[in-house]
Amino acid sequence: MKNSFSARQNLTVGNKTYEICSLDALARRYPVNKLPYSLKILLENLLRHEDGENVTASDIEALATWNPHEEPEREIAFTPSRVILQDFTGVPAVVDLAAMRDAVVKLGGKADAINPLSPAELVIDHSVQVDVYGAANAFARNAEIEFERNRERYSFLRWGQTAFENFKVVPPDTGIVHQVNLEYLARVVFASEQEDVLRAYPDTLVGTDSHTTMVNGLGVLGWGVGGIEAEAAMLGQAITMLIPQVIGVKLTGKLPEGATATDLVLTVTEALRERDVVGKFVEFFGDGLANLPLANRATLGNMSPEFGSTCAIFPIDDETLRYLELSGRSAEQIALVEAYARAQGMWRENGAEAPDYTDVLEIDLNSIEPSIAGPKRPQDRIPLKNAKAIIARHTETFAEERTTKQESTRRFENEGGDTAVGSPHKVEGTATVKMDSQSFDLSDGAIVIAAITSCTNTSNPAVMLGAGLLARKAHEKGLKVKPWVKTSLAPGSRVVTDYLRKAELLDDLDSLGFGLVGYGCTTCIGNSGPLREEISNAIQAHDLVACAVLSGNRNFEGRIHPDVKMNFLASPPLVVAYALAGTMNIDLNNEPLGEDKNGKPVYLKDIWPSQHEIQEAIGSSIDAGMFKHGYEGVFGGDDNWKSLDIPKGDIYEWDDSSTYVQNPPYFVDMSRETEAVADIAGARVLALLGDSVTTDHISPAGSIAKNSPAGKYLMEHGVDPKHFNSYGSRRGNHEVMMRGTFANIRLRNKLAPGTEGGFTVHIPSGEQMTIFDASMRYQQDNTPLIVIAGKEYGTGSSRDWAAKGTLLLGVKAVIAESFERIHRSNLIGMGVLPLQFTGRDTAASLGLTGKEEYSIEGLDNGNAKEVTVRAKGEDGEKTFKARVRLDTPKERDYYRNGGILHYVLRQLAA
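Residues numbered from 1 in each chain as written. Predicted model: local features only at pLDDT ≥ 70, side-chain atom pairs only at ≥ 80, totals over all residues. Heavy atoms only, no water.

**Focus on the sheet that holds strand S13 (residues 281–285)**
Consider a sheet: its strands pair through backbone hydrogen bonds, and that pairing is either parallel or antiparallel. Here is the rule we go by: Strand pairing is defined by DSSP finding a minimum of two bridges between the two strands. Only runs of H or I of at least four residues qualify as helices and only runs of E of at least two qualify as strands under DSSP, and these elements are numbered from the N terminus. The axes are straight lines fitted to the C-alpha atoms, using for helices just the contacting stretch, and the angles between their N-to-C directions are given from 0 to 180°. Whether two residues are in contact is decided by their heavy atoms, any of which lying within 4.5 Å being enough.
An order of S14-S13-S12-S15 is seen for the four strands of this open sheet, with the pairing classed as parallel. Edge strands, defined here as strands with exactly one partner in the open sheet, are strand S14 (311–313) and strand S15 (359–364). Averaged over all adjacent pairs, the angle separating strand axes in this sheet is 20°, with direction ignored. As defined by bridge partners, S13 adjoins S14 across three bridges and the pair is classed as parallel. Directly across from Phe-281, in S14, lies its bridge partner Cys-311. Of the strands in this sheet, strand S12 (246–252), S13 and S14 touch helix H2 (residues 37–48), which is tilted by about 120° from S13.

Right, here's the structure in full:
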């Protein structure tokens, strides 16, 4: 490695001396001290990896002289120290690596060339489902069912753990990946022996989950990428990126009584989404950080994908060290973190001069008020005081849709049509349900799922203990959760149950139905499990507007449960409160939750815990020993894990009969040399979509319907519907996943008006059919396909299957008004061309119906910055320009190779 700036210097901490790449070596020539914290980490990364080829002296100089107000245009290569994965995205990543071993051997290379070069750690947290709840054995039964469903996947991951070096797996029932990362895996500062030299450098990472940014709260720079990009990083490829703009968020003041970290993040999410920080770094600064515990910082970092930024990071300070000590890190590690941060100008002090930022948003913590968000986007914050009125308007909209559907059904019946679809009677928005020897009315706005779940809040002791204290007070007053509410508690790590138990709050939560159901993402990822049959039947028969409330980060349409139309994000204490109310149609500030044992009304203010009570519980119930004990032997697993059969050998033995793991077709007939990228001609539109199409819309993670293409495939292969599991768990099988692409039950394809779900119209036949069936017909005719969409295409999870499935359906290009960062990268990673409408052009303004025949001209082998699109329809030809969103030279290389994995394979086989 080169050392053009003589930056390699020594740092002595205790009795050890480390080599570091000192930023002081640059400070004499460049204004490095004015750089944001996050860019200092990137600068050190460039210094350490300078090789004159991938990283040059001019790259380092460009970052050292960063102009915060210039539009990003300089490409740099970021080399993360490690990669973190979860199982829904990790299984397909390991499948791809196994397939790459096959392919590299066919190309003349060696199998062990496909091997992680830096630490790669996978946490199994997405597979547990809430099948059993409200019972003492719920956790044990859910864990048993999880293993029964996923044995084949887990066996495959155990094979990966033995076949690949630098690859470790945290077994199921341990915790959520981001909380495990925060509490245990994160180093903050790495110390490793390299070339006989002990080096210290920042802990940096990329992860296959968009909420990888949670660890930003600990001062660790990292973000979510698609599984494809993560695989390339594991194999030594740098992450290419433009030097970003950095938005500073100045925090002042202190959270007032009654406000939680959840209320803060929902407020920040709303404000930053309005600022359009997509593709930018966000960095928190200001003296208000002194009043923000590490858990609250992590909660803010976690929500970075919801406001669209690449990361949302905090600098290292005394609070960082306090948390490292609390979570059981060694004294030696803590001393290294402090010494390194101070030596590199990465340490935060109160009163320090602010770095330079592209723009600054000020948040007064004193102004934060209780809030929820929904009904389908996390940035749509609703002040709690206005919630009843706003939710009533949303409910009314759904009720109007129901009325329209009824009128359509009646007209259809009057014309003598088939009445199999739609309700034959008028629906009033209320149903009488008989269940467990009791009878009750279920109405629009009823909460049928209330879940304390997800990485966002279950890492935060203040809100978790707050929920427990609220449950205690409610229990003491004799309040009960309404019988139609499915309740669950799914902490992010075993440490959470340890401190809830020590605070003697587990029994109080359990008394209200919030018993432990598992350690994992559960409801937030769509693993909410089945509702009671009586509840589900009533919702479906009467088309009720049912609701879910969860302490999560994602509430997209169709994600939480197919029977639920409105999903709301809330703090854990508010989740419990809403479960007691049983409906979203309540003003929690002024209407009672229920009555106490004496028939006296009980209001939220009567049971809401004070900050003093919460802090007292934190101080008396959490200690470092819990973390040390909770993570002892974390990679070992229980008897179920240890008893799994493991395939042998470096090359995976694929089982053609498997419905979970199949060899993907990406590398079939792959050549050693690339071929020139041709223009696209004679293309048809597979889907014409609107704004805010999420990766959940494109590739759902939840349940598989029997009558869907994926369900039919599984039944044809002998899988009983009760064993379908979820799309997320089937991501190792491309046959299931390509059939599930664009199969979300809430997807609205304008090419097939009046439908909801994965339907389209085949052109030119005009036949309506599933998107998968249309794709197969188009591919038989060698017809290339495109997708047209509106703003924020690909919002949400870093779901590589949203790009993989798009490719396998034969889509060559996506034309959108704007893209979310990760999904655009994923499309390129799979060789799908992202194009963006220019100026004020939209599909609507251009009069595009989706029935035209399209050609994309002037691509110039991937070098063009703009192309001409011709749409030939019945009313003539429309021509417009589209911007080619191959933003860096490396992205153009990836696209010319047919994707990142093909690029890497050709490099390794050379």
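From this point, the narrative continues.
**Describing the sheet that holds strand S4 (residues 82–86)**
Strands sit in the order S6-S5-S4-S9-S10 across an open sheet of five strands; the sheet is parallel. Of all strands in the sheet, those with a lone pairing partner are strand S6 (167–170) and strand S10 (221–224), marking the two edges. For this sheet, the mean inter-axis angle between neighbouring strands, taken without regard to orientation, is 20°. As paired strands, S4 and strand S5 (residues 120–123) are joined by four bridges and run parallel to one another. Across the sheet, the residue bridging to Ile-84 is Glu-121, located in S5. Sheet contacts for helix H7 (residues 227–234): S4, S5 and strand S9 (204–207); angle to S4, the most-contacted strand, approximately 145°.

**Considerations on the nonpolar core**
Stated formally: The set of buried Ala, Val, Leu, Ile, Met, Phe, Trp, Tyr and Cys residues whose side-chain atoms join them within 4.5 Å is what this entry labels a nonpolar core. Note on classification: 1.4 Å probe, protein chains only; a residue is buried when its accessible area is under 20% of the maximum for its type, exposed when over 50%, partly exposed between these limits.
By size, the foremost hydrophobic cluster in this structure holds 303 residues, and its most contacted members are Phe-284, Ile-372, Phe-514, Ile-535, Tyr-578 and Tyr-793. Counting residues per element, this core draws most heavily on helix H4 (residues 87–106), at eleven residues.

**Notes on empty space enclosed by the protein**
Under the convention used in this document: The rule is simple: put a 1 Å grid over the protein atoms alone, call a set of points where a 1.4 Å probe fits but cannot get out a cavity, call an open set with protein on both sides within 12 Å along at least five of seven lines a pocket, and count a residue as lining if it has an atom within 4 Å of a point. Grid points are joined across faces, edges and corners, and a volume is the space filled by probe spheres set on the points. Any residue outside Ala, Val, Leu, Ile, Met, Phe, Trp, Tyr, Cys, Pro, Asp, Glu, Lys and Arg is labelled polar, Gly included; the first ten of those are nonpolar and the last four are charged.
One pass over the full model with this rule turns up six cavities of 30 Å³ or more. Quantified by volume, the largest cavity comes out at close to 190 Å³. Surrounding the largest cavity, 22 residues form its lining, His-126, Asp-209, Ile-525, Arg-559 and Ser-797 being those nearest its centre. Classifying every residue of the lining of the largest cavity by side-chain character gives six nonpolar, eleven polar and five charged. By volume, the second largest cavity is sized at about 120 Å³. If you trace the second largest cavity, you find 13 residues lining it, with Pro-305, Ser-309, Glu-820, Arg-821 and Ile-822 closest to the centre. Counting only elements with at least two residues in the lining of the second largest cavity, the list comes to helix H10 (304–307) and helix H29 (821–829).

**Examining the packing of aromatic side chains**
For clarity, the threshold we go by: Any pair of Phe, Tyr and Trp rings, taking the six-membered ring for Trp, is counted once the centres come within 6.5 Å. Such a pair is stacked with planes under 30 degrees apart, edge-to-face with planes over 60 apart, and tilted for the rest.
Following the criterion strictly, the structure yields 20 aromatic pairs and no others. Pairing Phe-837 with Phe-880 gives two aromatic rings, centres 5.6 Å apart and planes at 35°, and the pair type is tilted. Highlighted residues: Phe-837 in strand S31 (residues 833–837) and Phe-880 in strand S34 (residues 876–884), separated in sequence by 43 residues. There is no split in this pair, since Phe-837 and Phe-880 are both buried.

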